[in-house]
Amino acid sequence: MSVDQLMDQAQKALKEDRLVAPAGDNAFEYYLAVLHKSPNNRAAQDALRETFPYGAQTVDQTINQGNFPEAQREIDLLAKADPTNYTLTILRSKLDAARKVAAQKQQAQKAAALAQAASASASHRQQQEQIAAAAAALKQQQEQAAAALQKQREQQVQQAQQAQQAAAHTATVPKAAASAENRDAQVVRMVPAKYPLEAARNGEQGWVDVAFTVNPDGSVSDVHVTDAEPRRVFDRAAIDAVSRWRFKPALINGAPTAVVVKRRIEFKLSGNG
């Protein structure tokens, strides 16, 4: 298909909420195919960036439904669009944890089936011993799985702290600022969102909830929509505005530190309250 045909198919899939599925017939794959043919296609790049949070929500639902192979495929597809997005780390961790829980349930079912089969031909005492042994083995497996998950979480926290410390170390701040001060990120420049022309003509109003990272230098990155009413009408305007905001960075023990901030951007026409 040509670039125009791929863009048409992508728009159709987007309207039908086929963001990352089914395989081979979804918006993400069509946009990626456009970029394969035309690497600098701005429309495809913007579309992938704007729809990434919604694609991540779809993956989360797929994990909750227990369809782990499909969830892995969808995560891999999102990674082609934005391989460094931290949301992928969260989704991968959730998928790994869900797989382990499912495996534990399967092991518990097998243990229960073995105990039930043994109870048909064994004495009451033998039944109790086998059930106790199965329960002990299951408890041990659960403890091992819980320990592995806890270790994974600690490693992720440690990696995040190391990254924050490295960012704080490279930031050029006066030595006098390295005190024990702690504070939240404070906005110093708030660029108002531009009201979309089509929404204004249609008399549409609404709001957009965004989450973003305030970096140690006060800049903003990883702006993404977490909720909106109505959906996708004001998303682009909200993201563009917040991306130009500037902050006094958050301080932890006097060191500038990256933090995640959430805000709601209101879109109201003058004269409508």
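Here the structure is shown first, and the text comes after it.
Residue positions are given per chain, counted from 1 along the sequence in the order it is written. Residues qualify for local features only when their pLDDT is at least 70, as the model is predicted, and side-chain atom pairs are given and counted only at 80 or more; totals for whole chains, interfaces and linings, by contrast, use all residues. Hydrogens are left out, water is left out, and the side-chain values use all remaining heavy atoms of the structure.

Trainee: Looking at this structure, how should I read the overall build of the chain?
Mentor: The helix and strand inventory of the chain stands at eight helices and seven strands. For this measure, only C-alpha atoms enter the radius of gyration; the expected value for a globule follows 2.2 Å times N^0.38, where N is the number of residues. The C-alpha radius of gyration of the chain comes to 25 Å, more than 25% above the 19 Å expected for a compact globule of 273 residues. Projected onto the principal axes, the alpha-carbon positions of the chain cover approximately 80 × 60 × 45 Å. Across the 273 residues that make up the chain, the buried fraction comes to 34%. Residue contacts follow a heavy-atom distance rule, with two residues in contact if any of their heavy atoms lie within 4.5 Å. Taking all contacts inside the chain whose residues are at least 6 apart in sequence as the whole, residues at least 24 apart take part in 68%. Every accessible area reported is derived by Shrake-Rupley at a probe size of 1.4 Å, with residue values counting cover from the shown protein chains alone. Here the chain displays about 16,500 Å² of accessible surface, and carbon together with sulfur accounts for 51% of that area. Side chains of the chain give 33 positive and 29 negative charges; the mean places of these two sets differ by 4 Å. A helix here means a DSSP run of H or I that spans at least four residues, while a strand means a run of E at least two residues long, and both kinds are numbered starting from the N terminus. Relative accessibility decides the category of a residue: with a 1.4 Å probe and only protein chains considered, values under 20% of the type maximum give buried, values over 50% give exposed, and everything between is partly exposed. The convention is simple: Lys and Arg are positive, Asp and Glu are negative, and His and the chain ends are not counted. By convention, charge coordinates are those of NZ in Lys, CZ in Arg, CG in Asp, or CD in Glu.

Trainee: Even after reading the chapter, I still don't get the sheet that holds strand S3 (residues 220–229), so can you show me in this structure?
Mentor: Pairing between the strands of a sheet comes from backbone hydrogen bonds, and it takes one of two forms, parallel or antiparallel. Spatial ordering of the open sheet is given by S3-S2-S7, a layout of three strands whose pairing is antiparallel. The sheet is open, and its two edges are formed by S3 and strand S7 (259–267), each paired on a single side. Geometrically, the sheet is characterised by an average inter-axis angle of 25° between neighbouring strands, direction not taken into account. The pairing criterion is simple: DSSP has to find at least two bridges between the two strands. The pairing of strand S2 (residues 206–214) with S3 spans seven bridges and is antiparallel. Along S3, the bridge assignment pairs Val208 with Ala228. Running at roughly 150° to S3, helix H8 (residues 235–243) makes contact with S2, S3 and S7 of the sheet. Lines fitted to C-alpha atoms define the axes, with helix axes restricted to the stretch in contact, and inter-axis angles between N-to-C directions lie between 0 and 180 degrees.

Trainee: Can you walk me through the pattern of salt bridges in this structure?
Mentor: Any two side chains of opposite charge can pair if their charged atoms end up close together. Salt bridge, as applied in this entry: a Lys or Arg side-chain nitrogen positioned within 4 Å of an Asp or Glu carboxyl oxygen. For the coordinates displayed, the defined rule picks out 13 salt bridges. Note that Asp17 is salt-bridged to Arg232, the shortest N-O span being 3.7 Å. Of this pair, Asp17 sits in the loop between helix H1 (3–15) and helix H2 (27–37) while Arg232 sits in the loop between S3 and H8, and the two are 215 residues apart along the sequence. The partner of Asp46 in a salt bridge is Arg49, and the shortest N-O contact between them spans 2.6 Å. Linking Asp46 with Arg49, this pair stays in helix H3 (residues 42–64), spanning three residues, or about one helical turn. By relative accessible area, Asp46 is classed as buried at 17%. Three or more residues joined by partner-sharing salt bridges are found here, namely Glu16, Arg18 and Asp25.

Trainee: I would appreciate a short explanation of unusual backbone geometry in the present structure.
Mentor: If a residue is not glycine, its phi is most likely negative; likewise, a peptide bond is most likely trans. Residue Pro22 is reached from Ala21 by a cis peptide bond, and omega for that bond is 0°. For the bond running from Glu229 to Pro230, omega is -5°, close enough to zero to count as cis. When you line up the elements, Pro230 lands in the loop between S3 and H8. Although it is not a glycine, Asp222 adopts a positive phi angle of roughly 50°. One can find Asp222 in strand S3.

Trainee: How do you make sense of the environment of Asn67 when you look at a structure like this?
Mentor: With respect to the helices, strands and loops of the structure, Asn67 is situated in the loop between H3 and helix H4 (68–81). By relative accessible area, Asn67 is classed as partly exposed at 36%. Remark: the alpha-carbon pair of Asn67 and Ser38, spanning 29 residues in sequence, is separated by 33 Å.

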